[in-house]
Amino acid sequence: MPVGKLSIIVPVYNECETVVPVLKLLEALQLPGTTQKEILVVDDASTDNSTAVIKDYFRQSNFPFILIQHSENKGKGGSIITGLGALTGDYFIIQDADLELNPEDIITMVSAVNSNRADVVYGSRFLNGSPAPFSLSKLANTFLTWFSNFSFGTRLTDMETCYKLIPVSAMDNILLKEQRFGFEPEITAKLARNKSLRFFEVPIRYSARTSLEGKKIGWKDGFRAVWCIVKYGWLGK
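Each residue is numbered by its place in its chain's sequence as written, counting from 1. In keeping with the predicted nature of the model, local features appear solely for residues at pLDDT of at least 70, side-chain atom pairs appear and are counted solely at 80 or more, and the whole-chain, interface and lining totals rest on all residues. Only hydrogens and water are removed before side-chain values are computed, so all heavy atoms of the structure are retained for them.

## Structural notes on helix H2 (residues 50–60)
Logical step 1: Among the residues of H2, those classed as buried are Ser50, Thr51, Ile54, Tyr57 and Phe58. Projection of H2 onto a plane perpendicular to its axis shows the buried side chains occupying an angular sector of 135°, all on one side. Along H2, the residues that are exposed and aim more than 90 degrees away from the buried face are Arg59 and Gln60. Each residue is placed in one exposure class: buried if its accessible area under a 1.4 Å probe, protein chains only, is under 20% of its type's maximum, exposed if it is over 50%, and partly exposed if it falls in between. Secondary structure counts use DSSP, requiring at least four H or I residues in a row for a helix and at least two E residues in a row for a strand, with both numbered from the N terminus. Directions from the helix axis toward the C-beta atoms define the arc.

Here it is in structure tokens:
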């Protein structure tokens, strides 16, 4: 079925420098065909100026953004779970509040569903024809993707990608538990159990930032991801 309405969930935690540019790109985004969009911003108890700049931008915009505020920090996974409980679309996707990904690539992902090539679409950072330079982060992503493919029976090139276009109906029997970055392997494992879902990948653009620039995922999250692959893949939790 074509995407009738896309819900874009934007988790935000201390992204005052980049969140407004991201929201402007999402507001201007023209989805293909008759696909409509809603944008849900989940402010995960930011301690910088993020909340103020978000509200200021909303006052200037005519777009009906939805703002949900956590009273305490829950993590990216927790913010996504909150967004899932409030959306009204038939498909959803996650948009980080940094500038690592280009929202224009969402168009290609939606088109893959609208043309009946897929039910679930992942945006791969490693299919763009120009391999990223070697880094520990790339090495970790490569291993986690390989291990998840081995464990879940998938054939992905980028399991850890933020861009996952997923039908809301596929979430009916899925209970998400991971509050932080373990969301990525957990959702992949649980979607992979549904053998009727057709997975597809499209290349996306990626501009990585460093921890000094605000990147929050760390080595501890890598170990947690390994455990999540075992927990939700091998142990079937």
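## Some points on the pattern of salt bridges
Logical step 1: Any carboxyl oxygen of Asp or Glu within 4 Å of a side-chain nitrogen of Lys or Arg constitutes a salt bridge here. This structure, assessed with the given rule, holds ten salt bridges.
Logical step 2: With its nearest N and O atoms 3.0 Å apart, the salt bridge here joins Asp96 to Lys76. Of the two residues, Asp96 sits in the loop between strand S4 (91–94) and helix H4 (105–114) while Lys76 sits in helix H3 (residues 76–84), which places them 20 residues apart along the sequence.
Logical step 3: For Asp96, a relative accessible area of 17% gives the class buried.
Logical step 4: Of the charged contacts in the structure, one is a salt bridge between Lys164 and Glu184, with a shortest N-O distance of 2.6 Å. On the criterion of sequence distance, the pair formed by Lys164 in strand S6 (residues 164–167) and Glu184 in helix H6 (residues 183–192) is long-range, its members being 20 residues apart. An identical accessibility class is assigned to Lys164 and Glu184; each is buried.

## What to know about the nonpolar core
Logical step 1: Here the nonpolar core consists of buried residues drawn from Ala, Val, Leu, Ile, Met, Phe, Trp, Tyr and Cys, with membership extended through side-chain atoms lying within 4.5 Å. Judged by nonpolar contacts, the single largest core of 65 residues is most densely connected at Leu6, Ile106, Leu165 and Leu191.
Logical step 2: Pairs of residues are marked as contacts when any of their non-hydrogen atoms sit within 4.5 Å. Setting aside chain neighbours within four positions, we find Leu6 in contact with Leu31, Thr35, Gln36, Lys37, Glu38, Tyr91, Phe92, Ile93, Ile106, Val110 and Leu165.

## Focus: the sheet that holds strand S3 (residues 66–69)
Logical step 1: Reading across from one edge, S3-S2-S1-S4-S6-S5-S7 is the order of the seven strands in this open sheet, with mixed pairing throughout. Looking at strand neighbours, the two that pair on one side only are S3 and strand S7 (199–203), the edges of this open sheet. Shown here is a sheet whose adjacent strand axes are inclined to one another by a mean of 20°, direction ignored.
Logical step 2: Relative to strand S2 (residues 36–43), strand S1 (residues 5–12) is paired through eight bridges, and the arrangement is parallel. By the bridge assignment for S2, Lys5 is matched with Gln36. DSSP bridges decide pairing: two strands pair if at least two such bridges lie between them. Note on geometry: axes are lines fitted to C-alpha atoms, helical ones only across the stretch in contact, with angles between N-to-C directions running from 0 to 180 degrees.

## Section: the packing of helix H1 (residues 19–28) against H2
Logical step 1: The interhelical angle for the contact between H1 and H2, taken along N-to-C directions, is 35°, at an axis separation of 9 Å. Taken as a pair, H1 and H2 cross one another with a handedness that is right-handed. Between H1 and H2, the contacting residues are Val19, Val20, Leu23, Lys24 and Glu27 on the first element and Val53, Ile54, Tyr57 and Phe58 on the second. Handedness of a crossing is defined here by the sense of rotation of the near helix relative to the far one, left-handed for an anticlockwise turn of less than a right angle and right-handed for a clockwise turn.

## Considering unusual backbone geometry
For residues that are not glycine, phi is negative in most cases, and the peptide bond is trans in most cases.
Logical step 1: Even without glycine at this site, Ala45 takes up a positive phi of about 55°.
Logical step 2: With respect to the helices, strands and loops of the structure, Ala45 is situated in the loop between S2 and H2.
Logical step 3: Given a relative accessible area of 19%, Ala45 falls into the buried group.
Logical step 4: The phi dihedral of Asn116 is positive, around 65°, even though this residue is not glycine.

## Points about a nonpolar patch on the surface
Logical step 1: Like-charged residues within 9 Å of one another, or nonpolar side chains (Val, Leu, Ile, Met, Phe, Trp, Tyr) within 5 Å, are grouped into patches, provided each residue has over 30% relative accessible area and no salt bridge. Note on areas: Shrake-Rupley with a 1.4 Å probe; residue coverage comes only from the protein chains shown. On the surface, a cluster of nonpolar side chains totalling about 720 Å² of accessible area is made up of Phe143, Trp146, Phe150, Trp227, Trp234 and Leu235.
Logical step 2: Broken down by secondary-structure element, the contributors of at least two residues to the nonpolar patch are helix H5 (136–152) and helix H7 (219–234).
Logical step 3: Sort the elements by how many residues they give to the nonpolar patch and H5 lands first, with three residues.
Logical step 4: Residue Phe143 is classed as partly exposed on the basis of its relative accessible area of 40%.

## Quick look at the pairing of strand S5 (residues 120–124)
The side chains of a regular strand alternate between the sheet's two faces.
Logical step 1: Burial runs high along S5: five of the five residues are buried.
Logical step 2: Where burial is concerned, the two faces of S5 agree: the one with Val120, Tyr122 and Ser124 and the one with Val121 and Gly123 are both buried.
Logical step 3: Here S5 pairs with S7 via five bridges, running parallel. What sits directly across from Val120, in S7, is Phe199.
Logical step 4: Bridge count for S5 against S6 is two bridges, and the pairing is antiparallel. Bridge pairing in S6 links Tyr122 to Lys164.

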